[in-house]
Each structure stands twice: as C-alpha cells, then as structure tokens.
Amino acid sequence: MGKKITNKVTWVGKVDWELTTFHGEELSTHRGSSYNSYLVRDKKTALIDTCWLPYDKEFVNNLKKEIDLNKIDYIIMNHNEIDHSGALEELLREIPQTPIYCTAKGEAIIRGHYHKDWNFVNVKTGDTLDLGETKLTFIEATMLHWPDTMFTYMSGENILFSNDGFGQHYASESLFNDQVDMNEVYYEAQKYYCNILNPFSALALKKIKEILALNLPLDMICPSHGIIWRENPAQIVEKYLQWADAYQENQVTLVYDTMWQSTRLMAQAIADGIKKVSPETTVKLCHAGKEDKNDILTEIFKSKAFLIGSPTINNGFSFAIAGMLEMIKGLKFKKKKAACFGSYGWSGDAVKQMTEHLQKSGIEIVNDGVRQLWVPDNTMLEECKKFGEEFAKAL
Ligand code: FEO
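Quick caveat, the model's predicted, so the values are computed rather than measured.

Asks: Give me the overall build of the protein: which residues, what numbers.
Replies: Counting secondary structure elements, the protein contains 12 helices and 22 strands. When the backbone C-alpha atoms are referred to their principal axes, the protein occupies close to 80 × 40 × 35 Å. Put simply, the protein has 395 residues, and 57% of those count as buried. Taking all contacts inside the protein whose residues are at least 6 apart in sequence as the whole, residues at least 24 apart take part in 72%.

Dropping the structure here:
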C-alpha cells in the first residue's frame, strides 16, 4: 500500500528485502533495496518511475488500491533501467495512451527494452509540466549513471526526485532518514556511489554545482532506492560533493589473495611497516578470495593508496585478484597510489602483470612492488616490513 510523503506525494514503490545482488552478480546488496515510485496528486496526477520487472503485477495491483489508474495523467520516467521501468508494460496494458515523459535517450532505451510504440513525450532540461498548484521541472543528468537519466524537481513541495542519485540499496520499513540507523544508510550510500556512480564523478560534480546554482528550495530528496532524505537533505549533497572529488581518507588498504598463506604473511608484514611509519593511518587488510568484492572496492574508494597482492599461479595472478583489477579499472578511481606484492615459486610474473594492469587503469604506481620466493622466513618478512615503511613514506 502507498505511504504518505506529503499531502500531494505518496510512495507507491516496492521494498525488496530479499535482494542480495544487483546488476546480476556485479553488486552485493547486503541490506536489500527498494524501488521507489511516487504518485503525485495535484489537479493533475503524475506517477514518477515504476519498479523492477519481477514485481510488476504486485506494483500495479497495489497502485490500483491507491488510485483509479485512469486518473493517472502522466508517467514520468527519470531513468529506464529495468529496476525502474520494469512495470511499464503491465501498467500500460491498462492505460496504454498515458503519456510517458522522459528524455529522448529514455525513449530509445524503453523502445529497446519493451519494443512498444507508447505515447512518448521527450523532455529536456528546463521543460516543465504544470500539475495545478505544483509544477514539475525536468533536469537532464546524462550518464548519472545512464545516458537517459534525468532528475525531476517539484516546486511547491520543494522535492527533488533524483532516481539513482543519492540512493542506497537499503530495505527499510521506514521511509525517511530521520527514522533509520544513519550509519547503515551512509555505508550503503557510499557503497552505492563507489560501485555505480564513481566512474562518472566529473559529471556528478558538474551537475550538482549546476543544480546548486539554481538556488532551488529543497525540503526533500526522494531517490529511487532506499530512504528519503527529509531531515537536512543537503547533507547527502555535501557528501556527494566530497565523494565526487577524488575522495580519500587517511587509509591504506591491502587487497590480497593467497594459496598457502605466503602472500597473506607478506600482506601482514607490509601493513606493519606502513603502521610503523604512519601510526595515524588506518590500514586494512582484505582477503579478495573470501570477502565481498564491492565492500573491498568501497575500502579502496576511501583509501589514499592501496596494495594488491597475489601469488603467481599459472604465470599470472589469481582469479579473485583478476576480478578486482578489472573492477578497479572500470570504477576509474582518481588520485590513488598503489603497488603490488606476492609470493612465487618459479616464474613470479604476477607482481609485474598486476602493476601493469593498475598503471593502465590510471593508478599512480609507487614502485615495482615486492616478491618473495616460496614461504617467507623472518628475514624476508622483515624486507616486506621495510617495503611497507618505504611505501608509507612515499605517500
Ligand atoms: Fe536503479 Fe540505474 O537503476
């Protein structure tokens, strides 16, 4: 059933407690998610976004309990990935002539997904839709994070419907930020930013500054995932300005995989060396073969520098590290320094290969890394510790 946001806005989305991964297996969602859809009732009625495809019938049935579908004058699609456009087909079976307001790219994406000749109305930045006492203004937000993305601002109620922007994969019984554990929400918001929006940080920074320059009154930010920013909505905008600007904390993260513990021992010794030179730095060790890849990437996001470690296996590096390196490349981290390490038995190629991979991903390489043959003894571990000390000094 719908939940009241304001006198004119009702949440009609779906809370997905069961979701454990998103984008296939690309992104872990330990705390579920929600697909937020909003019904705006003024003299005219608009529905903003729908929900993910598996819940399309549930969505439309619940919507019918809230409103006679024929009273919906407009459908606004801020972004048309299937988690938001998934119920369109089910909905438009009932109200096929209802105009869909979206960007031109949005229309192309909907056509590409559903292959239907629906009643599209293309909108651009600054276009408006009068609902009576309130008005919707559309703001294109291209590549945040798809080409079709736009935000919708509702004047009168002073709400920004930001779709994925400012969202979090966070299932909650409560709708608002003042009713939930904000430590959890901020963890999920940062993980979301890192794993979905970080490659587009330059565009995010520009777009946020452009919107702030409009000086729009802002009472709420209603994203399409997670909780609504009602109490001090500017707080998440401030965070985005920091996260989008080559974000880093005083942290170094060591991400390693290990076969017989040798590379793990090296990781610990390097960490000890970093800590010796820089005791105030947070140093974290992450086992790429065992821990969640997206949580590890979020640790890298927070770091000023990181190290990647893998034993040499079959003249290359491990499966888990290969995945991490590919994801690091895709997320386009800025202003981060790195080096590599690993144990080996004969060819010992991994360190050089990993270093080259990071270099191609735009990471600043501090040095050629460190390798140890077979199982490191105390002397070799002392070398690793020294390596950590030198790495810390170079930051
Ligand atoms: Fe939540 Fe890009 O879809």
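Having seen it, we continue.
Asks: Any details on the domain arrangement of the protein? Residues and values, ideally.
Replies: Often, the extent of an interface is quoted as the loss of accessible area on bringing the components together. Structurally, the protein comprises domain 1 (3–243) and domain 2 (252–394). For domain 1 versus domain 2, the distance between C-alpha centres works out to 39 Å. Taken together, the contact pairs 14 residues of domain 1 with 13 residues of domain 2. Approximately 1,200 Å² of surface area, both sides summed, lies buried where domain 1 meets domain 2, with 51% of it carried by carbon and sulfur atoms. Applying the counting criterion to the domain 1 and domain 2 interface returns 1 salt bridge. Across the contact surface, domain 1 and domain 2 share 11 residue pairs in polar contact (both at pLDDT 80 or more). At the level of elements, β5 (27–28) and α5 (182–197) are the ones that each hand at least two residues to the side of domain 1 that touches domain 2. Top contributing element to the side of domain 1 that touches domain 2 by residue count: α5, with 6 residues.

Asks: Any chance you could break down the environment of I221 for me, citing the residues and the numbers?
Replies: Structurally, the position occupied by I221 is in strand β16 (residues 220–223). By relative accessible area, which is 0% here, I221 ends up buried. Separated by 206 residues in sequence, I221 and V15 have C-alpha atoms that sit 18 Å apart.

Asks: Tell me what's going on with the packing of α5 against helix α7 (residues 234–243), and back it up with residues and numbers.
Replies: In contact at an axis separation of 12 Å, α5 and α7 are set at 40° when each is read in the N-to-C sense. By the angle between their axes, α5 is oblique relative to α7. Relative to α7, the crossing made by α5 is right-handed. Contact with α5, carried on its side by M182, Y186, A189, Q190, Y193 and L197, involves Q235, I236, K239, Y240 and W243 of α7 and no other residues of that element.

Asks: If you had to explain the pattern of salt bridges to someone new, which residues and values would you point to?
Replies: Applying the stated criterion across every chain yields a total of 23 salt bridges. Close ionic contact of E90 with R93 constitutes a salt bridge, the shortest N to O distance being 3.0 Å. Within this pair, E90 and its partner R93 are both found in helix α3 (residues 88–94), separated by 3 residues, close to a single helical turn. On the accessibility criterion, E90 (12% relative accessible area) is buried. With a shortest N-O distance of 3.4 Å, K329 and E326 are connected by a salt bridge.

Asks: Any chance you could break down the pairing of strand β8 (residues 45–48) for me, citing the residues and the numbers?
Replies: Side chains of β8 alternate between two faces, with T45 and L47 and A46 and I48 buried alike. By the bridge criterion, 4 bridges tie strand β7 (residues 38–41) to β8 in an arrangement that is antiparallel. Note on β8: the bridge partner recorded for Y38 is I48. Between β7 and β8, which follow one another and run antiparallel, lie 3 residues. Where β8 lies against strand β9 (residues 74–76), 3 bridges are found, and the strand directions are parallel. Of the residues in β9, the one forming a bridge with L47 is I75. For the handedness criterion, the β-α-β arrangement of β8, helix α1 (residues 56–66) and β9 is classed as right-handed.

Asks: Can you tell me about the packing of aromatic side chains, naming the residues and giving the values?
Replies: Taken as a whole, this structure holds 15 aromatic pairs when the rule is applied. Look at Y35 and W52: their rings are 6.0 Å apart centre to centre, the planes differ by 55°, and that puts the pair in the tilted class. Within this pair, whereas Y35 is found in strand β6 (residues 33–35), its partner W52 is found in the loop between β8 and α1, the two being separated by 17 residues in sequence. Relative accessible area serves as the criterion here: at 0%, Y35 is assigned to the buried category. With relative accessibility at 30%, the residue W52 sits in the partly exposed group. By the ring-pair criterion, three or more aromatic residues cluster together here, those being F166, Y193, Y240, W243, Y247 and F301. In this structure, R230 is placed above the aromatic ring of F176, and the distance from its NZ or CZ to the ring centre is 3.7 Å. Sitting over the ring of Y186, K239 keeps its end group 5.8 Å from the ring centre.

Reading the values: the criteria
- Residues numbered from 1 in each chain as written.
- Predicted model: local features only at pLDDT ≥ 70, side-chain atom pairs only at ≥ 80, totals over all residues.
- Heavy atoms only, no water.
- Helix = DSSP H or I, 4+ residues; strand = E, 2+ residues; numbered from the N terminus.
- Buried < 20%, exposed > 50% of the residue type's maximum accessible area, 1.4 Å probe, protein only.
- Contact = heavy atoms within 4.5 Å.
- Domains from an automatic or database assignment.
- Buried area = accessible area lost by both parts, 1.4 Å probe.
- Salt bridge = Lys/Arg side-chain N within 4 Å of Asp/Glu carboxyl O.
- Polar contact = N/O pair within 3.5 Å; in protein donor to acceptor, adjacent residues only side chain to side chain.
- Axes fitted to C-alpha atoms, helices over the stretch in contact; angles between N-to-C directions.
- Parallel < 35°, antiparallel > 145°, perpendicular 65-115°, else oblique.
- Left-handed = near helix turned anticlockwise from the far one by under 90°.
- Pairing = 2+ DSSP bridges.
- Right-handed = clockwise from strand over helix to strand, strands pointing away.
- Phe/Tyr/Trp six-rings, centres within 6.5 Å; stacked < 30°, edge-to-face > 60°.
- Lys NZ or Arg CZ within 6 Å of the ring centre and 35° of its normal.

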